[in-house]
Amino acid sequence: MARLAAIILPIIIGLANFHMISGIDDPEFVGRMVLDEVPLIDGHNDLPYNLYRIEGNMLENFDFDSDLRQNPKWQVSSSHTDLPRLRQGKVGGQFWVAYVGCETNHKDAVERTLEQIDVIKRLVAKYNESMELVTEADGIMEAFNQQKIASIICVEGGHSIDSRMSVLRLFYELGVRYLTLTHNCNTPWADNHNQYSQSNVPKIGGLSEFGRDIVREMNRLGMMVDLSHVSKDVMLDALNVSLAPVIFSHSSARGVYNVTRNADDEVLLKLRENDGIIMINFYPGFIGRNASIFDVIAHLNHIKSVIGPDYIGLGGDYDGVSSQPIGLEDVSKYPDLFDLLAEEGHGYEPWSREDLQKLAGLNLIRVYKEVENVRDQLRNGTINDRSISRDDLIATNVTMTCRTNMGSSSGAEATPE
């Protein structure tokens, strides 16, 4: 808790136009006001995957600064994002996801992920008057003060690194600032949240020793460890191993809606000990069927009641799912959520201005800074050059049809001529 105070206090002091008064004390206050005071940072947006599906990652004829609802090509149920709606939603920071499906696992996941990182970089460069590529925590406020959307690259799914430390390090060099340890498929070193419903899939029972080394290397690099999509055993293992705060980039409360994609109260309490953050997912499949904006609020209030307001953020999962709750249909709707959280008369205690600022972005900035602090403390540490073992690969059904090198005990290869 002491390190949390040490990180968040300078952030609060340094914010322009920061007000400590609560909404209850200020009759003029409405919740959306905080989005002009601090950046609203969303933890997970899958627009880049839609760019791949709809545009083939070609941006020449793609107009992001237009209402994509009017573009016949983009009239698909998973399209929720464009620049006009991001501005309307007062989004100040966005984690853009480099995602490739589990069908690429042990095949061309690395190459495909590189293409998604590339399209994010090209999108930000094309719209550099509205977006700013950010690779350090301080860059978020710098972009916000220039009225730009701080744009941060992340990779969703450990299969994207193909069980290679070298790929993890090179992704960091390319600007990736969090890695989700799994998607909906296991890696040879970590189980996903569906592990018990996936028959004939080898299970580890959490993180393998190589998986623990992945977490330690992410700490050394300054890359955030994302626990959305992983099994509960992996959540607990990572929370025990990580020296830096971890994140759930787009998960909700299992105590409200009992699905394995969410974090239960035991995990939430461990997350508080870790000084991490859970960024609430809006997808009805994770917050409740026939969901509305008030179901999202129920998840926020539950987590706040269990661990307090210092460990919560928002990760709407826009462009990654086929539906969103009534009242949060696209990225333009965030201000409505903040208004409702601040209002009286809804059967819950209104959120204060200070707590709404934390929810919007201060909590995430605090976590990001602490991850960087751990990186700096480990700067002179040993780079982990370990390869995954042949036994780990074979145990999880990775075969020579997928790799020419089967890990650290694979034997000699042909020499180059």
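Here the residue numbers are simple positions, counted from 1 along each chain's written sequence. Totals for whole chains, interfaces and linings use all residues, but because this is a predicted model, local features are given only for residues with pLDDT of at least 70 and pairs of side-chain atoms are given and counted only at 80 or more. The basis for the side-chain values is all heavy atoms of the structure; hydrogens and waters are excluded.

Asker: I'd like a description of the side chain of arginine 261, backed by residues and values.
Answerer: In this fold, arginine 261 is placed in the loop between strand E7 (247-248) and helix H9 (265-274). Each residue gets one of three labels from its accessible area relative to the maximum for its type: buried under 20%, exposed over 50%, partly exposed in between, using a 1.4 Å probe on protein chains only. Counted charges follow a simple rule, with Lys and Arg positive, Asp and Glu negative, and His plus the chain ends left uncounted. The term salt bridge refers to a side-chain nitrogen of Lys or Arg lying within 4 Å of a carboxyl oxygen of Asp or Glu. Put simply, arginine 261 is tucked away with no salt bridge, and the nearest opposite charge, on aspartate 317, sits 4.8 Å away. Pairs of N or O atoms within 3.5 Å make up the polar contacts considered here, provided that, within protein, one atom can donate a hydrogen while the other can accept it, and that residues adjacent in sequence are counted only when both atoms are side-chain atoms. Of note is the side chain of arginine 261, whose polar atom sits 2.8 Å from the backbone oxygen of histidine 250. Every residue pair with non-hydrogen atoms within 4.5 Å of one another is taken to be in contact. Contacts of arginine 261, omitting those with residues within four sequence positions, involve His193, Ser228, His229, His250, Ser251, Asn281 and Phe286. Secondary structure elements follow DSSP: runs of H or I of four or more residues count as helices, runs of E of two or more count as strands, with numbering from the N terminus.

Asker: Describe the pattern of salt bridges, with residues and values.
Answerer: Any two side chains of opposite charge can pair, on the condition that their charged atoms come close. For the structure shown, the criterion picks out 28 salt bridges. Between arginine 32 and aspartate 339 there is a salt bridge, with the nearest N and O atoms lying 2.7 Å from each other. Here arginine 32 is found in the loop between helix H1 (2-14) and strand E1 (40-45), whereas its partner aspartate 339 is found in helix H12 (residues 334-342), with 307 residues between them in sequence. Note on arginine 32: relative accessible area 30%, which makes it partly exposed. With a closest N to O distance of 3.8 Å, glutamate 354 and lysine 358 form a salt bridge. Linking glutamate 354 with lysine 358, this pair stays in helix H13 (residues 353-377), spanning 4 residues, or about one helical turn. Residues joined in a network through salt bridges with shared partners are Asp67, Arg69, Asp82, Arg85 and Asp330.

Asker: A description of the state of the cysteines should follow, citing residues and the corresponding values.
Answerer: When the sulfur atoms of two cysteines come within 2.5 Å, that pair is taken as a disulfide. Under the counting rule described, the total for this entry stands at 1 disulfide. Between cysteine 102 and cysteine 185 runs a disulfide, and the two sulfur atoms are separated by 2.1 Å. Between cysteine 102 and cysteine 185 the sulfur-sulfur dihedral comes to about -85°; the bridge is accordingly left-handed. Of this pair, cysteine 102 sits in the loop between strand E2 (91-99) and helix H4 (109-126) while cysteine 185 is found in the loop between strand E5 (176-180) and helix H7 (209-221), placing the two residues 83 residues apart along the sequence. Its relative accessible area of 23% is what places cysteine 102 among the partly exposed residues. The structure places no disulfide on cysteine 154, whose sulfur is separated from the nearest cysteine sulfur, that of cysteine 102, by 16 Å.

Asker: Now, about the pairing of E1: what can you tell me, with residues and values included?
Answerer: Burial analysis of E1 places 6 of its 6 residues in the buried class, the great majority of the element. Only strands that DSSP links by at least two bridges are regarded as paired with each other. In this structure, E1 lies alongside E2, joined through 4 bridges in parallel fashion. Note on E2: the bridge partner recorded for isoleucine 41 is glycine 93.

Asker: I'd like to hear about a negative patch on the surface, residue by residue, with values.
Answerer: A cluster of acidic side chains, namely Glu103, Asp108, Glu111 and Glu115, defines a negative patch on the protein surface. Assignment of secondary structure puts glutamate 115 in helix H4. A patch consists of residues exposed above 30% relative accessible area that lack any salt bridge, with like charges linked at up to 9 Å and nonpolar side chains (Val, Leu, Ile, Met, Phe, Trp, Tyr) linked at up to 5 Å. Per-residue and other accessible areas were derived by the Shrake-Rupley procedure at a 1.4 Å probe size, with only the shown protein chains allowed to occlude residues. Think of each charge as sitting on NZ of Lys, CZ of Arg, CG of Asp or CD of Glu.

Asker: Can you tell me about the side chain of asparagine 274, naming the residues and giving the values?
Answerer: Checked against the element boundaries, asparagine 274 lands in helix H9. From its side chain, asparagine 274 meets the backbone nitrogen of valine 246 in a polar contact 2.8 Å long.

Asker: Summarise the packing of aromatic side chains; cite the residues concerned and give the values.
Answerer: The pairing test for Phe, Tyr and Trp rings, Trp by its six-membered ring, is centres within 6.5 Å, and the orientation test on the planes gives stacked under 30 degrees, edge-to-face over 60, and tilted for anything in between. As enumerated under the stated definition, the model contains 11 aromatic pairs in all. Consider the rings of phenylalanine 95 and tyrosine 178, whose centres lie 5.2 Å apart with planes at 40°: the pair is tilted. Here tyrosine 178 lies in strand E5 and phenylalanine 95 lies in strand E2, a separation of 83 residues in the sequence. The exposure class assigned to phenylalanine 95 is buried, which follows from its relative accessible area of 1%. An aromatic cluster of at least three residues, connected via ring pairs, comprises Phe62, Phe64, Trp74, Trp96 and Tyr127. One residue, arginine 177, lies across the ring of tyrosine 172, its end atom 3.7 Å from the ring centre. Comment: the charge-over-ring label is applied if NZ (Lys) or CZ (Arg) is within 6 Å of the ring centre and within 35 degrees of the ring normal.

Asker: Got a sec to walk through the pairing of strand E4 (residues 149-156)? Specific residues and values, please.
Answerer: In terms of burial, E4 is a largely internal element, 8 of the 8 residues being buried. Both faces of E4 are covered, namely the face carrying Ile149, Ser151, Ile153 and Val155 and the face carrying Ala150, Ile152, Cys154 and Glu156. Two strands pair when backbone bridges link them, and E2 and E4 are joined in this way by 7 bridges, in the parallel orientation. Within E4, the position partnered with valine 97 by the bridge is cysteine 154. Relative to E4, strand E3 (residues 131-133) is paired through 3 bridges, and the arrangement is parallel. Considered in E4, the bridge of methionine 131 is made with isoleucine 149. You can see the chain leave E3, run along helix H5 (residues 138-145) and come back into E4, and the turn it takes is right-handed. Sheet topology note: the E4/E5 ladder contains 3 bridges and is parallel. Each bridged residue has a counterpart across the sheet, and for isoleucine 153 the counterpart in E5 is valine 176. Handedness of a crossover is defined as follows: orient the strands so they point away from the viewer, and if the path from the first strand over the helix to the second runs clockwise, the crossover is right-handed. In the classification by handedness, the crossover that spans E4, the intervening helix H6 (residues 165-173) and the parallel E5 is right-handed.

By themselves, these are just geometric observations and shouldn't be taken as functional.
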